[in-house]
Amino acid sequence: MIVMGKFVVEKSGPLKGEVVVDGAKNSALPVLAATILTGEECVIENVPFLKDVEIMLKLLDLLGAESEFIADEKKVIINCGKIENISLPYELVKKIRASFLIAGPLLSRFGCVKIQMPGGCQIGVRPVDLHLKGFSLLGADIKQEHGSIEINSNVLKGDNIYLDFPSVGATENIIMAAVLAKGETNISNCSVEPEIVDLVNFLSKMGAKIEGAGTDTIKIIGVSKLSGVKHKIISDRIEAGTYMIGAAATKGDLLIKNVVCEHLRPVTAKLKDMNVNVEERGSEIRVYSFGDLINTDIKTLPFPGFPTDMQAPFMSLMAITKGTAIINETIFENRFMHVGELNRMGADIKVESKSAIVKGVDKLTGTQVKATDLRAGAALIISALAAEGETEISDIYHIERGYCNIEDKLRKVGAKIRKIE
Ligand code: EPZ
């Protein structure tokens, strides 16, 4: 049941203090799906306690996995030894796109998968054609009808796979379908996101033979068995970047802990362009700004380009920064839903096809707004912290999909934010 909660956010003085970042949602989800590839127990640490993770674990439990999420230790103990290949209820599958990431592992494990087409979402159609292209090149036979996909293969054989677009999910799914296939698979033009590297590190520990993670070509030599292992999820670079932008937007001074600075380079670079101070300190990063900011253009690109998931939060900062700047969203076709909500707060933003022209205004004013997806929701919180008066943000279940305890973490550094059911 979706909890139709709201956040009430008042103009908050400079955010000051420390924020501890959790494990990466977009790494935990593929890693949990990958536990299907072994019949032995896996222990996954630094797992963020999020709705999306809960749903992934529910899907795995429905397949017959035995899992335990020890929330206060941020640890998942899971054993997929007894899973069966049943088809999962659409009601649950449609809740998270990442549910499609169980296709590759199930195909590897059982040689067949019957799964619902994941729906689109607010930010785009979200096709899975590249995932399916990879599976069929590995020898699988694919049938699509009435919204569900049946993938069958007697034996998966390695092949050369070119991805027309460096899709994160397709790269992950194809790797998980290839690790137990016969022979060698080469995936070219694949995603180089840090979450791919984390998944490959997990699979390699399990005994997979994979080279090239983090580059645009990954080579996989199929093996016959994978073992259960312990793995710690990398820090969430999108959560960290969101708090970096919050510090800048409130002219605050935040020390953000448990980060990987090199994963944050694109956000750091653009904040520095805007005259924000960013100091990298090992696994911590200090962001502070006292002087006037200057607007700068951003263009979203696959890693190491500026992340599309940072586009909405960054727009909130640009909306209150002197000067006019352009955002070019090249990854998703419909990721500007937050523009309407920001303009209702007094922002001056125009959308022209895949670009948004942001004209900085002196101030925004609080009003009632709606979160349309998880990053747009985070953007509205940032705007509300800087806006005059009070802002009421509804549909916050979007936000809670991707941010652990965001209101507690913000309150600890001086934000006036409370949740009302
Ligand atoms: C992952 O989604 C992330 N989700 C997204 O984060 C993130 O925005 C996205 O990568 C891009 O970085 C998870 O990791 C769970 P893609 P994914 O496949 O894998 C097109 C968030 O906010 N495409 O790289 O679905 C697609 O339409 C979420 O945490 C195809 O055309 O992204 C899109 O335009 C939102 N065919 C582009 O590629 C395919 O078969 C990027 O999609 C697959 C994708």
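Residues numbered from 1 in each chain as written. Predicted model: local features only at pLDDT ≥ 70, side-chain atom pairs only at ≥ 80, totals over all residues. Heavy atoms only, no water.

J.: Which parts of the structure should I look at to understand the state of the cysteines?
T.: Each disulfide consists of one covalent bond between the sulfur atoms belonging to two cysteines. Enumeration according to the criterion identifies zero disulfides in this entry. As a non-bridged cysteine, C80 has C42 as the owner of its nearest cysteine sulfur, 7.3 Å distant. (Disulfide = S-S within 2.5 Å.)

J.: How do you make sense of the site of the ligand when you look at a structure like this?
T.: Lining the immediate environment of the ligand, one finds 21 residues, of which D129, L130, S167, D309 and I331 sit closest. Between the ligand and the protein, one listed contact pairs a nitrogen atom with a side-chain N or O atom of D129 at 2.7 Å. Taking V168, its main chain carries an N or O atom lying 2.8 Å from an oxygen atom of the ligand. At the level of elements, α1 (25-34), α5 (129-137), α6 (168-178) and α12 (374-386) are the ones that each hand at least two residues to the shell around the ligand. At three residues, the largest contribution of residues to the shell around the ligand is made by α5. Residue classes in the shell around the ligand are distributed as nine nonpolar, five polar and seven charged. Here the shell around the ligand gathers at least three residues from each of two domains, domain 1 (6-22 + 235-420) and domain 2 (25-232). (Near = heavy atom within 4 Å. Polar contact = N/O pair within 3.5 Å; in protein donor to acceptor, adjacent residues only side chain to side chain. Helix = DSSP H or I, 4+ residues; strand = E, 2+ residues; numbered from the N terminus. Nonpolar A, V, L, I, M, F, W, Y, C, P; charged D, E, K, R; others polar. Domains from an automatic or database assignment.)

J.: When you look at the domain arrangement of the protein in this model, what are you seeing that I'm missing?
T.: Much of the literature gives interface size as the accessible area that the parts lose upon coming together. In terms of domains, the protein is made up of domain 1 (6-22 + 235-420) and domain 2 (25-232). Contact residues are listed per partner, giving 25 residues for domain 1 and 21 residues for domain 2. Buried surface at the junction of domain 1 and domain 2, summed over both partners, amounts to about 1900 Å²; 54% is from carbon and sulfur atoms. Of all residues in domain 1, the largest losses of buried area upon contact with domain 2 belong to D22, F303 and R401, amounting jointly to 30% of the total for that side. Summed over the shared surface of domain 1 and domain 2, the number is three salt bridges. A salt bridge links R237 to E195; its shortest N-O distance comes to 2.8 Å. Between the two partners, domain 1 and domain 2, sit six residue pairs in polar contact (both at pLDDT 80 or more). Among the secondary structure elements, those contributing two or more residues to the side of domain 1 that touches domain 2 are α12 and α13 (397-400). (Contact = heavy atoms within 4.5 Å. Buried area = accessible area lost by both parts, 1.4 Å probe. Salt bridge = Lys/Arg side-chain N within 4 Å of Asp/Glu carboxyl O.)

J.: How should the packing of aromatic side chains be read in this particular structure?
T.: We describe a pair of aromatic rings using the distance from one ring centre to the other and the angle between the two ring planes. Applying the stated rule across the entire model yields three aromatic pairs. We note R286 situated over the ring of Y288; from NZ or CZ to the ring centre the distance is 3.7 Å. (Phe/Tyr/Trp six-rings, centres within 6.5 Å; stacked < 30°, edge-to-face > 60°. Lys NZ or Arg CZ within 6 Å of the ring centre and 35° of its normal.)

J.: Explain the sheet that holds strand β17 (residues 298-299) here, please?
T.: An order of β17-β18-β20-β19 is seen for the four strands of this open sheet, with the pairing classed as mixed. Whereas interior strands pair on both sides, the edge strands pair on one side only; in this sheet they are β17 and β19 (348-352). Pairing analysis gives two bridges linking β17 to strand β18 (residues 324-328), with the strands arranged parallel. If you follow I298 over to β18, its bridge partner there is I327. (Pairing = 2+ DSSP bridges.)

J.: I would appreciate a short explanation of helix α4 (residues 103-110) in the present structure.
T.: Side chains of residues three or four places apart in an α-helix project in the same direction, reflecting 3.6 residues per turn. The buried count for α4 comes to six of eight residues, which makes it a mostly enclosed element. Where α4 is concerned, the buried positions are A103, G104, P105, L106, L107 and S108. Looking at the buried positions of α4, the neighbouring elements they touch are α1, α2 (51-63), β6 (112-116), α5, β8 (148-152) and α6. Immediately downstream of α4, the backbone of G111 shows phi near 80°, a positive value. (Buried < 20%, exposed > 50% of the residue type's maximum accessible area, 1.4 Å probe, protein only.)

J.: I would appreciate a short explanation of the sheet that holds strand β15 (residues 277-281) in the present structure.
T.: Remark on secondary structure: sheet strands pair via backbone hydrogen bonds, oriented parallel or antiparallel. Read across the open sheet, the four strands follow the order β2-β14-β16-β15; overall the sheet is mixed. Of all strands in the sheet, those bounded by a partner on one side alone are β2 (16-20) and β15. For this sheet the average axis-to-axis angle between neighbouring strands, irrespective of direction, equals 15°. Strands β2, β14 (253-257), β15 and β16 (284-288) of the sheet are contacted by helix α8 (residues 237-249), whose axis makes an angle of about 170° with β14. The strands touched by helix α9 (residues 265-273) within the sheet are β15 and β16, with β15 carrying the most contacts at an inclination of about 145°. (Axes fitted to C-alpha atoms, helices over the stretch in contact; angles between N-to-C directions.)

J.: Mind showing me how you'd approach the packing of α8 against helix α10 (residues 311-319) here?
T.: When two helices pack together, their arrangement is given by the angle between the helix axes and the distance between those axes. Across the interface, α8 lies against α10 with an axial gap of 10 Å and an inter-helix angle of 5°. For the element pair α8 / α10, the angle class is roughly parallel. Across the interface between the two elements, T242, I245, A248 and A249 of α8 pack against P313, F314 and L317 of α10. Residues of the contact of α8 with α10, tallied by class, amount to six nonpolar, one polar and no charged. (Parallel < 35°, antiparallel > 145°, perpendicular 65-115°, else oblique.)

J.: Can you help me understand empty space enclosed by the protein in this one?
T.: Within this structure, the stated rule accounts for one cavity of 30 Å³ or more. Looking at the largest cavity, its volume works out to about 60 Å³. In terms of lining, the largest cavity is formed by T242, Y243, G246, A378, I381, I382, L385, I406 and L410. The set of elements that each furnish at least two residues to the lining of the largest cavity consists of α8, α12 and α14 (406-411). Looking at the lining of the largest cavity residue by residue, the class counts come to seven nonpolar, two polar and no charged. (1 Å grid on protein atoms, 1.4 Å probe; cavity = no way out; pocket = protein on both sides within 12 Å on 5 of 7 lines; lining within 4 Å. Points joined across faces, edges and corners; volume = space filled by probe spheres on them.)

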